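If you want the building blocks of each chain, they are given just below.
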Amino acid sequence: MKRRLIGTLALAVLVACSGTTTRIAYPPVTSDLKLRALVGSALVQTVSLPAYAAAEELAVETAPGVITSTGELLWADLPDRAVTLKIASHLDEILSATVGPEPWPFPGLPDVNIDIRVSDMVARADGQFHLSGQFYVGGDGIDFRNSSTPFDIAIPLASTEPAAVADAQAQALLRLSESIARKLGR
């Protein structure tokens, strides 16, 4: 009887503590850019994000150098997975090549690997969404010039509301994808 009472109380506490979780997803954005690829296939490796951007919670800069999240609003997907899939999808739409995320979903090896390392990805207190870092494109077994390219993208925020942050982030990822596509196409 005592175990049953403790179990019932524990369940009641769990139910009382569990609330509704709100999740936010990227709005759909598309590119008008269409390029003929210089390669037949490209792999987008899992994008490396800073810790605050890799967390499920939506993080924003509240004062210069202070990045916070409340934990009340979560991304709809794991950020590194979502960013990787979004960039692979954009590149697949822009380029006349087969593009896939890591792990490589097709037989054989891709012609090039795209390695993206993000150093900054946050809605800043200056009213802009910032995305910066470096991307690397390398050929494996084909004649393709390896390259390393820094990026620094700023998208104005329409507001500080979560939907505006998600929209600005989606626009920044599209702009990064277009920059990568220009390295792989003409």
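What counts as what
Residues numbered from 1 in each chain as written. Predicted model: local features only at pLDDT ≥ 70, side-chain atom pairs only at ≥ 80, totals over all residues. Heavy atoms only, no water. Phe/Tyr/Trp six-rings, centres within 6.5 Å; stacked < 30°, edge-to-face > 60°. Helix = DSSP H or I, 4+ residues; strand = E, 2+ residues; numbered from the N terminus. Buried < 20%, exposed > 50% of the residue type's maximum accessible area, 1.4 Å probe, protein only. Core = buried A, V, L, I, M, F, W, Y, C linked by side-chain atoms within 4.5 Å. Contact = heavy atoms within 4.5 Å. Axes fitted to C-alpha atoms, helices over the stretch in contact; angles between N-to-C directions. Parallel < 35°, antiparallel > 145°, perpendicular 65-115°, else oblique. Left-handed = near helix turned anticlockwise from the far one by under 90°. Pairing = 2+ DSSP bridges.

Colleague: What is the right way to look at the packing of aromatic side chains in this model?
Modeller: Counting across every chain of the model gives three aromatic pairs. Here Tyr26 and Trp75 contribute two aromatic rings whose centre-to-centre distance is 5.3 Å and whose plane-to-plane angle is 45 degrees, an arrangement assigned as tilted. Of this pair, Tyr26 sits in the loop between strand S1 (22-24) and strand S2 (41-44) while Trp75 sits in strand S5 (residues 73-75), and the two are 49 residues apart along the sequence. Grouping residues by exposure puts Tyr26 and Trp75 together as buried. Taken together, a centroid distance of 5.1 Å and an interplanar angle of 70 degrees make the contact between Trp104 and Phe106 edge-to-face. Of the residues examined, Trp104 reaches a relative accessible area of 19% and is grouped as buried.

Colleague: Can you walk me through the nonpolar core in this structure?
Modeller: Note on soluble globular proteins: their nonpolar side chains tend to be buried together. Among the nonpolar cores identified, the biggest contains 50 residues, and Ile87, Ile116, Phe129 and Leu131 are the most heavily contacted of them. Listed by contribution, the elements that provide at least two residues to this core are S2, S5, helix H3 (79-94), strand S7 (112-123), strand S8 (128-139), strand S9 (147-156) and helix H4 (162-184). Considering each element in turn, this core owes the most residues, 11 residues, to H4. The contact partners of Phe129, leaving out residues within four places of it in the chain, are Met121, Val122, Ala123, Ile153, Ala154, Ile155, Leu157, Val165, Ala168, Gln169 and Ala172.

Colleague: In this structure, what is going on with unusual backbone geometry? I would like to understand it.
Modeller: Glycine aside, residues mostly have negative phi angles, and peptide bonds mostly take the trans form. In this model, Glu102 is joined to Pro103 through a cis peptide bond whose omega is -5 degrees. Along the polypeptide, Pro103 turns up in the loop between strand S6 (98-101) and S7.

Colleague: Got a minute to help me understand the packing of H3 against H4 in this structure?
Modeller: Relative orientation and spacing of two packed helices are given, respectively, by the angle between their axes and the distance between those axes. At a closest axis distance of 9 Å, the pairing of H3 and H4 adopts a crossing angle of 50 degrees. Here H3 is positioned oblique relative to H4, judged by the angle of their axes. The way H3 lies across H4 gives a crossing that is right-handed. For the pair H3 and H4, contact is made by Val83, Lys86, Ile87, His90, Leu91 and Ile94 and by Gln169, Leu173, Leu174, Leu176, Ser177, Glu178, Ile180 and Ala181, respectively.

Colleague: Before we go on, may I ask you to explain the pairing of S9 in this structure?
Modeller: It is a general feature of regular strands that their side chains alternate between the two faces of the sheet. Along S9, the buried face is formed by Ser147, Thr149, Phe151, Ile153 and Ile155; none of Ser148, Pro150, Asp152, Ala154 and Pro156, which line the opposite face, is buried. Relative to S9, S8 runs antiparallel, the two sharing 10 bridges. In the sheet register, Val137 faces S9, and the bridge partner there is Ser147.

Colleague: Explain the environment of Tyr136 here, please?
Modeller: In this structure, Tyr136 sits in strand S8. Spatially, the C-alpha atoms of Tyr136 and Lys183 are 10.0 Å apart, while their sequence positions differ by 47 residues. Sequence-distant contacts of Tyr136, that is, excluding residues within four places in its chain, are made with Asn113, Ile114, Asp115, Arg117, Ser147 and Ser148.

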